[in-house]
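As a plain string of letters, each chain reads:
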2 protein chains.
Amino acid sequence: MKIAIKDLRSKVLTALSQNGLTEEQNLCIAEQVIWADMSGIKPMGVAKLTGTEPLQNMKPTGPITIERETKLSQLIDAGGYPAPLICQQATDVAIRKAEEHGFAMVGVRNTFSSNLAQAFYVEKIASKDLIGIAMARGPASTAPFESIDPLFATNPIGFSFPTNGEPLVFDMTTAAMTWSGLILAKANGETLPPNIAIDPEGSPTTDPKAAMAGATLPFDGSYKGSGLGLIVETFGGPLVGSLYCDPALDHEYGSLIMAIDPNLLVDVADFKSHSSDMIQKIKSSRKRPGVDEIRLPGERARKSRKQAMESGLVEIDDSVAHELGWL
Amino acid sequence: MKIAIKDLRSKVLTALSQNGLTEEQNLCIAEQVIWADMSGIKPMGVAKLTGTEPLQNMKPTGPITIERETKLSQLIDAGGYPAPLICQQATDVAIRKAEEHGFAMVGVRNTFSSNLAQAFYVEKIASKDLIGIAMARGPASTAPFESIDPLFATNPIGFSFPTNGEPLVFDMTTAAMTWSGLILAKANGETLPPNIAIDPEGSPTTDPKAAMAGATLPFDGSYKGSGLGLIVETFGGPLVGSLYCDPALDHEYGSLIMAIDPNLLVDVADFKSHSSDMIQKIKSSRKRPGVDEIRLPGERARKSRKQAMESGLVEIDDSVAHELGWL
């Protein structure tokens, strides 16, 4: 269904209204959820209000505490507050510290929901003329290479850097499919593409329900995707004092956000001018047969957001709207 | 052929002896080349002494200059010195700065050879209880997703982190095959696996010669591998003041080495204990049918080095030995 952005905002705020947060805090979360749907990243949008662990059920269990702080870093115990809210705060801290010192790394632990799309955080960092890197881990759903046990989460990683135009934003999951993607596929009665998942005995499956009981695979099915998943598990787990390789114990999520000032090595004006030229070289290169336009990472999402802003409307899945009682 | 490590060292030093460097400098380079062959990473070993741009032909054109320096960073103009030598120096600088300040980033430009395996640098960083990240770009050989023009290089990225045992070392190319791999395949009269490369017109090819005239593909053939290649191109190109998306102009290479102290966020002792436990969880998980042992990144290379050290012998390709006049 198509829905007016302002109506969607109001519906999301209503859904979040019983979580014990202030309206201002919930508005931050709502904007991020709607940003994902506007970007066409549906598994990170209002779909997060559905399923067995909906975002609106994430209620603080304690205060937000800074557990460690240096000039270059901060570790935040989120006290059970929703990860998108705390990771927005972490992003602001990373920007402030990197602007002052050239580099910053902020970790977030003790959250029990996904922090949603990494693109959201890194784009904000790049809009301040800094390079952004964001990673997150969560409850295990993905089997490492050669294993059939779920030990890694979806484990997304995002990068962004400034250019003379819009920042380049690249965001990917190291798993072949997100957990939310499995939920959506199940809700829509869809089968999965091949080579995405295995059932609990380790046999290939295209059934989202069997995949949820079994495991998803690394995005490329190889040691490379698995190795990247391991790196994200480490940066979002042991490095931020969060759980790791945790099948079901506590459903904790961990996030890491980094900001780097290009001025540490080169003038940021040169960096932006060269990165813009680099993008131009890629865009104007010879295309594969059947390709209209070479798309850079983040380009489709930005176009989708632009269309949503112009029309004032955003598309959400009927199945999600139905589950939320909006249809 | 099997060759004694000490004989190989002597042969490599002889090959390097006309490059204008000191014997001590060439010993650094020789050790790194032999380390790669001992690790079983043949394209980064003595194979680098063959081909159209052999490592021994890299001769300094100017002094090594520090172009920018901050507490957290250094940008090195290598003056045409071989990249492996300067990147070893860069690694030492990164370690020293990160030990003092918690983070460091060192860039190397104005080199005209590959810096060889990223694993070599990041393992050294992790052996000092720091997290290591290394990336490198070079002359373009890989087509971005949806393009058929070579614009990215092999673009490897390596990560390493300390544990209570050996560091975990993960090193991968973002291209489906290294340029050296193509050279080796051509020399050995081998055909390439499918989905690795395209010819100059963009059609799939398994002929290494056609691939060298055309382009290799991102490792997974998708926007994810291509996006990672783009990130490495950016970090090893515009961020270090090196060239980028450069098909043949100047054959410059750029490298970036980062070191991060886990103490910025958590006690390094806790980090190591948790990362060791994480590895144990992965190693002891249920295996895929047909898998004897779940291998972690870097495990095979370390085993290969251990065997070489115990036997005093290392295996190198006959075709390489022949080209070097050693057979």
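This report concerns the structure included in the present document. (Residues numbered from 1 in each chain as written. Chains lettered and ligands numbered in written order. Predicted model: local features only at pLDDT ≥ 70, side-chain atom pairs only at ≥ 80, totals over all residues. Heavy atoms only, no water.)

### Some thoughts on the interface of chain A and chain B
For interface size, the figure often reported is the accessible area lost on association. On the chain B side, the residues contacting the 76 residues of chain A number 76 residues. Taking both partners together, chain A and chain B bury about 6600 Å²; carbon and sulfur atoms supply 70% of that area. A per-residue breakdown of the area chain A buries against chain B is headed by E146, L265 and R286 of chain A, which together make up 13% of the total. The interface formed by chain A and chain B contains 6 salt bridges. Across the salt bridge formed by E146 of chain A and R295 of chain B, the nearest N and O atoms sit 3.5 Å from each other. At the boundary of chain A with chain B, the tally comes to 28 residue pairs in polar contact (both at pLDDT 80 or more). (Contact = heavy atoms within 4.5 Å. Buried area = accessible area lost by both parts, 1.4 Å probe. Salt bridge = Lys/Arg side-chain N within 4 Å of Asp/Glu carboxyl O. Polar contact = N/O pair within 3.5 Å; in protein donor to acceptor, adjacent residues only side chain to side chain.)

### Some remarks on the pattern of salt bridges
Any two side chains of opposite charge can pair, so long as their charged atoms come close to each other. What the rule picks out here adds up to 38 salt bridges over all chains. A salt bridge links K272 of chain B to D129 of chain B, with the nearest nitrogen and oxygen atoms 3.0 Å apart. A residue pair is termed long-range when its members are at least 10 positions apart, and K272 of chain B in helix α8 (residues 268–283) and D129 of chain B in the loop between α4 (118–126) and β5 (131–137) qualify at 143 residues. Exposure remark for D129 of chain B: the relative accessible area of 26% places this residue in the partly exposed category. Through salt bridges that share partners, E123, E166, R302 and R305 of chain A make up one connected network. (Helix = DSSP H or I, 4+ residues; strand = E, 2+ residues; numbered from the N terminus. Buried < 20%, exposed > 50% of the residue type's maximum accessible area, 1.4 Å probe, protein only.)

### Quick look at the sheet that holds strand β3 (residues 73–77) of chain A
Residues and elements named next belong to chain A. The mixed open sheet is built from 7 strands, whose spatial order is β2-β3-β4-β11-β5-β6-β7. Unpaired on one side and paired on the other, β2 (65–70) and β7 (168–173) mark the two borders of the sheet. Each strand of the sheet is rotated relative to its neighbour by a mean of 10 degrees, with strand direction disregarded. Bridge analysis of strand β4 (residues 103–111) against strand β11 (residues 253–260) gives 7 bridges, and the strand direction is antiparallel. Each bridged residue has a counterpart across the sheet, and for G107 the counterpart in β11 is L256. Packed on one face of the sheet, helix α7 (residues 223–236) meets β5 (131–137), β6 (156–161) and β11 and runs near 90 degrees to β5. (Pairing = 2+ DSSP bridges. Axes fitted to C-alpha atoms, helices over the stretch in contact; angles between N-to-C directions.)

### Some words on unusual backbone geometry
Working note: non-glycine residues mostly have negative phi, and peptide bonds are mostly trans. All names here are of chain B. If you check the backbone angles, D129 has positive phi at about 65 degrees while not being a glycine. Of note in this structure, E146 is not a glycine but carries a positive phi near 75 degrees. Positionally, E146 belongs in the loop between β5 and β6 (156–161).

### Regarding the relation of the copies chain A and chain B
Of the transformation superimposing chain A on chain B, the axial component is 0.0 Å and the angular component is 180 degrees, with the fit at an RMSD of 0.0 Å. Classification of the inter-copy transformation places it as that of a two-fold axis. The position closest to the rotation axis in chain A is occupied by the C-alpha of D220 of chain A, lying 2.9 Å away. (Least-squares fit on C-alpha atoms with pLDDT ≥ 70 in both.)

### Brief notes about the pairing of β11 of chain A
Residue and element names in this part refer to chain A. Burial analysis of β11 places 8 of its 8 residues in the buried class, the great majority of the element. Taking every second residue as pointing to the same face, both faces of β11 are buried, with Y253, S255, I257 and A259 on one and G254, L256, M258 and I260 on the other. Sheet topology places β5 next to β11; 7 bridges connect them, and they run antiparallel. Within β11, the position partnered with G132 by the bridge is A259.

### Focus on the environment of I257 of chain A
All names here are of chain A. With respect to the element layout, I257 can be found in strand β11. With relative accessibility at 1%, the residue I257 sits in the buried group. The sequence separation of I257 and Y121 amounts to 136 residues, and the corresponding C-alpha distance is 7.9 Å. With residues near it in sequence (within four places) discarded, I257 still touches C87, A90, T91, A94, A104, M105, V106, Y121, I125, I133 and A134.

### Quick look at the side chain of Q32 of chain A
Among the structural elements, Q32 of chain A can be located in helix α2 (residues 23–38). Beyond its immediate stretch of four places on either side in the chain, Q32 of chain A contacts P84, Q88, N115, L116, A117, F120 and Y121 of chain A.

### Observations regarding the packing of aromatic side chains
Inspection of the entire model under this criterion finds 12 aromatic pairs over all chains. Consider the rings of F161 of chain A and F271 of chain A, whose centres lie 6.0 Å apart with planes at 80 degrees: the pair is edge-to-face. You can see F161 of chain A sitting in strand β6 and its partner F271 of chain A sitting in helix α8 (residues 268–283), a full 110 residues away along the chain. We note that F161 of chain A, like F271 of chain A, is buried. For the ring pair F159 of chain B and F170 of chain B, a centre distance of 6.5 Å and an interplane angle of 10 degrees mean the geometry is stacked. One end of the pair, F159 of chain B, is in strand β6; the other, F170 of chain B, is in strand β7 (residues 168–173), and 11 residues separate them in sequence. You'll find F159 of chain B and F170 of chain B in the same group, each marked buried. An aromatic cluster of three or more residues is present, and its members are W35, F120 and Y121 of chain A. (Phe/Tyr/Trp six-rings, centres within 6.5 Å; stacked < 30°, edge-to-face > 60°.)

### Considerations on the sheet that holds strand β10 (residues 215–216) of chain A
Two strands in a sheet stick together by hydrogen bonds in their backbones, pointing the same way (parallel) or opposite ways (antiparallel). Residue and element names in this part refer to chain A. With respect to topology, 3 strands assemble into an open sheet ordered β9-β8-β10, the strand pairing being antiparallel. Of all the strands in the sheet, just β9 (204–205) and β10 have a single pairing partner and so form its edges. Here strand β8 (residues 197–198) runs beside β9; their pairing, made up of 2 bridges, is antiparallel. Counted as the bridge partner of I198 is P204 from β9.

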